[in-house]
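Here is how the chains run, residue by residue.
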Amino acid sequence: KRCIAMSLPPNFEAKARQSARDGIYQLAMASSKFSSNKPISDITREDIEKDLTFSGFINYQNSMKDDTPAVIRELRDGGISCAMITGDNVLTGIYIAKKAGLIDPSKPVIIANRICD
């Protein structure tokens, strides 16, 4: 919501989601001209990060170590529960978990955003 809508490509959301599903990490780049008469200590992030012009994505992908799925299997065979905790986009996390053998690729994944007591 920080970019000027007209600067975003029409498939922005779809492209970002598909890249995450493919295990690609993305940094979105944007720019703007900024000037202010405020002292620098009074300038907020919101002052700077508004009306940005989208420039593009920087995509990168970390390669998993070849032996990761075998190590996960060995741990599970030894009765050790395995879990992944990540700050990544949830779709990127699912991609990696499937590749590592933490999630069965043939099974659906349910994404929830709320835990109720």
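Parameters and conventions
Residues numbered from 1 in each chain as written. Predicted model: local features only at pLDDT ≥ 70, side-chain atom pairs only at ≥ 80, totals over all residues. Heavy atoms only, no water. Buried < 20%, exposed > 50% of the residue type's maximum accessible area, 1.4 Å probe, protein only. Helix = DSSP H or I, 4+ residues; strand = E, 2+ residues; numbered from the N terminus. Arc of directions from axis to C-beta. Contact = heavy atoms within 4.5 Å. Polar contact = N/O pair within 3.5 Å; in protein donor to acceptor, adjacent residues only side chain to side chain. 1 Å grid on protein atoms, 1.4 Å probe; cavity = no way out; pocket = protein on both sides within 12 Å on 5 of 7 lines; lining within 4 Å. Points joined across faces, edges and corners; volume = space filled by probe spheres on them. Nonpolar A, V, L, I, M, F, W, Y, C, P; charged D, E, K, R; others polar. Phe/Tyr/Trp six-rings, centres within 6.5 Å; stacked < 30°, edge-to-face > 60°.

### Things to note about helix H1 (residues 12-21)
Then, in step 1: When we look at burial in H1, the residues that qualify are Phe12, Ser19 and Ala20. What you see down the axis of H1 is that its buried residues fit within an arc of 100°, all on one side. For H1, the exposed residues set more than 90 degrees away from the buried face come down to Glu13 and Ala14.
Then, in step 2: Taken together, the buried residues of H1 touch strand E1 (25-31), strand E2 (53-60) and helix H4 (90-100).
Then, in step 3: In the segment just after H1, glycine 23 is the residue with positive phi, at about 80°.

### Comments concerning the side chain of aspartate 47
Then, in step 1: One can find aspartate 47 in helix H2 (residues 45-48).
Then, in step 2: Among the residues examined, aspartate 47 registers a relative accessible area of 19% and is labelled buried.
Then, in step 3: Engagement of the side chain of aspartate 47 in a polar contact is seen with the backbone nitrogen of threonine 44, the distance being 2.9 Å.
Then, in step 4: Not counting residues up to four positions away in its chain, the partners in contact with aspartate 47 are Phe34, Lys38 and Asp42.

### Topic: the environment of lysine 15
Then, in step 1: Topologically, lysine 15 is positioned in helix H1.
Then, in step 2: In sequence terms lysine 15 and phenylalanine 57 are 42 residues apart; their C-alpha atoms lie 9.8 Å from each other.
Then, in step 3: Once residues within four sequence positions are removed from consideration, lysine 15 is found in contact with Gln26 and Phe57.

### Some points on the layout of surface pockets
Then, in step 1: Volume-wise, the largest pocket comes out at about 320 Å³.
Then, in step 2: Around the largest pocket, the lining comprises 13 residues; the ones closest to its centre are Lys1, Arg2, Cys3, Leu8 and Phe12.
Then, in step 3: Residue assignment for the lining of the largest pocket shows that the elements contributing at least two residues are H1 and E1.
Then, in step 4: Ranked by residues supplied to the lining of the largest pocket, first place goes to E1 with three residues.
Then, in step 5: In terms of residue class, the lining of the largest pocket is made up of eight nonpolar, no polar and five charged.

### A few points about the packing of aromatic side chains
Then, in step 1: Following the criterion strictly, the structure yields four aromatic pairs and no others.
Then, in step 2: For the pair phenylalanine 12 and phenylalanine 57, a centre-to-centre distance of 5.4 Å together with 15° between the ring planes defines the contact as stacked. On the criterion of sequence distance, the pair formed by phenylalanine 12 in helix H1 and phenylalanine 57 in strand E2 is long-range, its members being 45 residues apart.
Then, in step 3: For the pair tyrosine 25 and tyrosine 60, a centre-to-centre distance of 5.3 Å together with 15° between the ring planes defines the contact as stacked. Placement of tyrosine 25 in strand E1 and of tyrosine 60 in strand E2 is noted, with a sequence separation of 35 residues between them.
Then, in step 4: Residue tyrosine 60 is classed as partly exposed on the basis of its relative accessible area of 38%.
Then, in step 5: Clustering of aromatic rings is evident, with ring pairs tying together Phe12, Phe54 and Phe57.

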